[in-house]
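The chain contents come next:
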Amino acid sequence: MTTTSEVPDGVDLKNLMPGSLIDVETRSRHYQIECLGGNSIRISGHPEYCPQPMPAQLQGSIDKEGELEFGFIEPGMKLMFFLNGDRPVKTSRIISVKVAQPNAVQPKSSPSVH
């Protein structure tokens, strides 16, 4: 089970568990991002660069002044990631960010002894 929620203030990748899914809507595209751990992601949504989920490294978001906020995805900014380790991709401005995090696995309780 997962819980999906819109994140109007953005999301910091280091606060997400591996397996979390991020839905990023930009002015011109709709990206699906799977967190793999650290800044490693699998991303799809661009018809030329990543039409199918591809491994990538998330750099973060770029503001109007060109400053990079590493590891952060925030509406109003542009997403920056690297495909194949060296191909930089910068998106159009982010409109919305939604996150679906896998629920933590609950440990099985031990049978009680009477």
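Since this is a predicted model, take the numbers as computed values, not measurements. (Residues numbered from 1 in each chain as written. Predicted model: local features only at pLDDT ≥ 70, side-chain atom pairs only at ≥ 80, totals over all residues. Heavy atoms only, no water.)

Engineer: Any chance you could break down the confidence of the model for the chain for me, citing the residues and the numbers?
Structural biologist: Chain-level statistics for the chain give a pLDDT mean of 87 and a share of 86% at 70 or above. Every residue in residues 105-114 scores below 50 in pLDDT, and together they form zero contacts with partners more than four places removed in sequence or on other chains. (pLDDT = per-residue confidence, 0-100. Contact = heavy atoms within 4.5 Å.)

Engineer: How would you explain the pairing of strand β4 (residues 30-37) if you had to name every residue and give the values?
Structural biologist: Summarising the sheet, strand β3 (residues 21-26) and β4 pair through five bridges and their orientation is antiparallel. Paired with D23 across the strands is Q32, a residue of β4. Where β3 folds back on β4, the antiparallel hairpin that results is connected by three residues. Both β4 and strand β5 (residues 40-44) contribute to a ladder of five bridges, which runs antiparallel. By the bridge assignment for β5, E34 is matched with R42. In this antiparallel pair of consecutive strands, β4 and β5, the connection spans two residues, and G38 shows a positive phi of 65°. (Pairing = 2+ DSSP bridges. Helix = DSSP H or I, 4+ residues; strand = E, 2+ residues; numbered from the N terminus.)

Engineer: Which residues make up the pairing of strand β10 (residues 87-102), and what are the values?
Structural biologist: Inspection of the sheet shows β3 paired to β10 by six bridges, in the antiparallel sense. Across the sheet, the residue bridging to V24 is V97, located in β10. One ladder, built from five bridges, connects strand β9 (residues 78-83) with β10; its direction is antiparallel. Across the sheet, M80 pairs through a bridge with K90, a residue of β10. In this structure, the hairpin formed by β9 and β10 is closed by a connection of three residues, where N84 is found at a positive phi of approximately 55°.

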